[in-house]
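# What the coordinates show
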Amino acid sequence: MNHIVNGDVVGGKIKSLNDKIVVWREMYDFGPLSRDWNLEETYKRRAEFFEQKLQIPSSFFIENCRSQYRLLNELSRSEEVVLWFEHDRYDQVTILYLISELSALGFQKISMVTINEYEGIEPFHGLGQLSSEQLIGLLPTKQEVSDKQIEEACAGWKAYCSNNLDELDDFI
């Protein structure tokens, strides 16, 4: 089984699963995107943006993007991929990207662990608040992403990256 998580904290807390874990660090809810750009162009343009806006060195940003994409490509297409993400905008946009990309790359089984609350933790902000045991205890609650959900994610990502705002409005 393979896992893609949002953030190093969650990745560190589930490492005892002894499965492959890819930490996804891209910030798709912020910065330029375009369907017209290939992967390298996307990295370059987004790196320039983040260097200017957040002082993230562009070389660091590009290497991180290449590294996480390389790790994604090293995962077995026939093994289940479990996405560990939350209900906030940052994670939801990342889910659109990842489901769309995993589908395009030919991954056969995509599942998700996602919760909006956890009993006894208030306010609940996200998975990072949970202990390793609590997180691992959520694994049996994972749900397979349906073909319809994959179609919706692909359409959502396409609209989100469009240079035509009407496409996003139509999708919404």
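Look above for the structure.
Below: a short report on this structure. All figures in this text were calculated on a predicted structure; none of them were measured in a lab.

About the criteria used
- Think of each chain on its own: its residues are numbered from 1, step by step along the sequence as written.
- Where local features are concerned, this predicted model is filtered to residues with pLDDT of at least 70; where side-chain atom pairs are given and counted, the filter is 80 or more; whole-chain, interface and lining totals use all residues.
- Computation of side-chain values covers all heavy atoms of the structure but excludes hydrogens and water.
- Put simply, DSSP marks the helices as runs of H or I at least four residues long and the strands as runs of E at least two long, and each gets a number from the N terminus on.
- To estimate how far a helix should extend, the number of its residues minus one is multiplied by 1.5 Å.
- Relative accessibility decides the category of a residue: with a 1.4 Å probe and only protein chains considered, values under 20% of the type maximum give buried, values over 50% give exposed, and everything between is partly exposed.
- Only heavy atoms matter for contacts: two residues are in contact if any of them lie within 4.5 Å across the pair.
- For two strands to count as paired, DSSP must find a minimum of two bridges between them.
- Lines fitted to the C-alpha atoms define the axes, with helices restricted to the stretch that makes contact. Angles between their N-to-C directions range from 0 to 180 degrees.
- Two rings belonging to Phe, Tyr or Trp (six-membered ring only in the last case) form a pair when the distance between their centres is within 6.5 Å. Interplanar angles under 30 degrees mark stacking, angles over 60 mark edge-to-face geometry, and anything in between is tilted.
- All tallies of charge rest on Lys and Arg as positive and Asp and Glu as negative; His and the ends of each chain are not included.
- In what follows, salt bridge is the name for a side-chain nitrogen of Lys or Arg lying within 4 Å of a carboxyl oxygen of Asp or Glu.
- Polar contact is defined as a pair of N or O atoms within 3.5 Å, subject to the rule that within protein one atom must be able to donate a hydrogen and the other to accept it, and that residues adjacent in sequence are counted only when both atoms are side-chain atoms.
- Call a crossover right-handed when, viewed with both strands pointing away from you, the route from the first strand across the helix to the second goes clockwise.
- Residues belong to one nonpolar core when they are buried, are Ala, Val, Leu, Ile, Met, Phe, Trp, Tyr or Cys, and are joined through side-chain atoms within 4.5 Å.

### Topic: helix H6 (residues 147-160)
- Between its first and last C-alpha atoms H6 spans 20 Å; for 14 residues at 1.5 Å apiece the expected length is 20 Å, and the two agree.
- When we look at burial in H6, the residues that qualify are Ile150, Ala153, Gly156, Trp157 and Ala159.
- Buried residues along H6 sit against helix H4 (89-104), strand E4 (110-113) and helix H7 (165-171).

### Digging into the sheet that holds strand E1 (residues 2-6)
- The mixed open sheet is built from five strands, whose spatial order is E2-E1-E3-E4-E5. Because the sheet does not close on itself, it has two edges, and the strands there are strand E2 (20-24) and strand E5 (143-144).
- Strand direction decides the pairing type here: E4 and E5, joined by two bridges, are antiparallel. Looking across to E5, one finds that Ser111 is bridged to Glu144.
- Where helix H3 (residues 58-74) meets the sheet, it contacts E1 and E2, and its direction lies at approximately 150 degrees from that of E2.
- Here H4 sits on the sheet and contacts E1, E2, strand E3 (81-84) and E4; the angle it forms with E4, its principal contact strand, is near 165 degrees.

### As for the packing of aromatic side chains
- With the rule as written, the count across this model stands at nine aromatic pairs.
- Ring geometry for Tyr28 and Trp157: centres 5.3 Å apart, planes at 85 degrees, overall edge-to-face. Of the two residues, Tyr28 is situated in the loop between E2 and helix H2 (39-54) and Trp157 in helix H6; the sequence distance between them amounts to 129 residues.
- Overall, the relative accessible area of 12% leaves Trp157 in the buried class.
- When the centroid spacing of 5.2 Å and the interplanar angle of 70 degrees are considered together, the rings of Tyr97 and Trp157 count as edge-to-face. Of this pair, Tyr97 sits in helix H4 while Trp157 sits in helix H6, placing them 60 residues apart in sequence. Like Trp157, Tyr97 is buried.
- A connected cluster of aromatic rings, assembled from ring pairs, spans Trp24, Tyr28, Tyr97, Trp157 and Tyr160.

### Thoughts on the side chain of Glu86
- Within the element layout of this structure, Glu86 appears in the loop between E3 and H4.
- One buried charged side chain, Glu86, makes no salt bridge at all; its nearest oppositely charged neighbour is Lys13, positioned 9.5 Å away.
- From its side chain, Glu86 meets the backbone nitrogen of Leu127 in a polar contact 2.5 Å long.
- In this structure, Glu86 is in contact with Asp91, Gln92, Ile95, Thr114, His125, Gly126, Leu127 and Gly128, ignoring residues within four places of it in sequence.

### Considerations on the side chain of Thr42
- Take Thr42: it is sitting in helix H2.
- On the basis of relative accessible area, Thr42 is assigned to the buried category, the value being 14%.

### Describing the pairing of E4
- In E4, alternate side chains face the same way, and those of Ile110 and Met112 on one face and Ser111 and Val113 on the other are all buried.
- Both E3 and E4 contribute to a ladder of four bridges, which runs parallel. Its bridge partner being in E4, Leu83 is matched across the sheet by Met112.
- With H4 bridging E3 and its parallel neighbour E4, the resulting β-α-β unit is right-handed.

### Regarding the nonpolar core
- Formed by 34 residues in total, the largest nonpolar core has its most connected members in Ile4, Trp24, Leu83, Ile99, Leu102 and Trp157.
- Sorting the residues of this core by element identifies E2, H2, H3, E3, H4, E4 and H6 as the ones contributing at least two each.
- Among the elements that take part in this core, H4 stands out by supplying seven residues, more than any other.
- Leu17, Ile121, Leu135 and Leu138 belong to the second-largest nonpolar core, a separate cluster that totals 16 residues.

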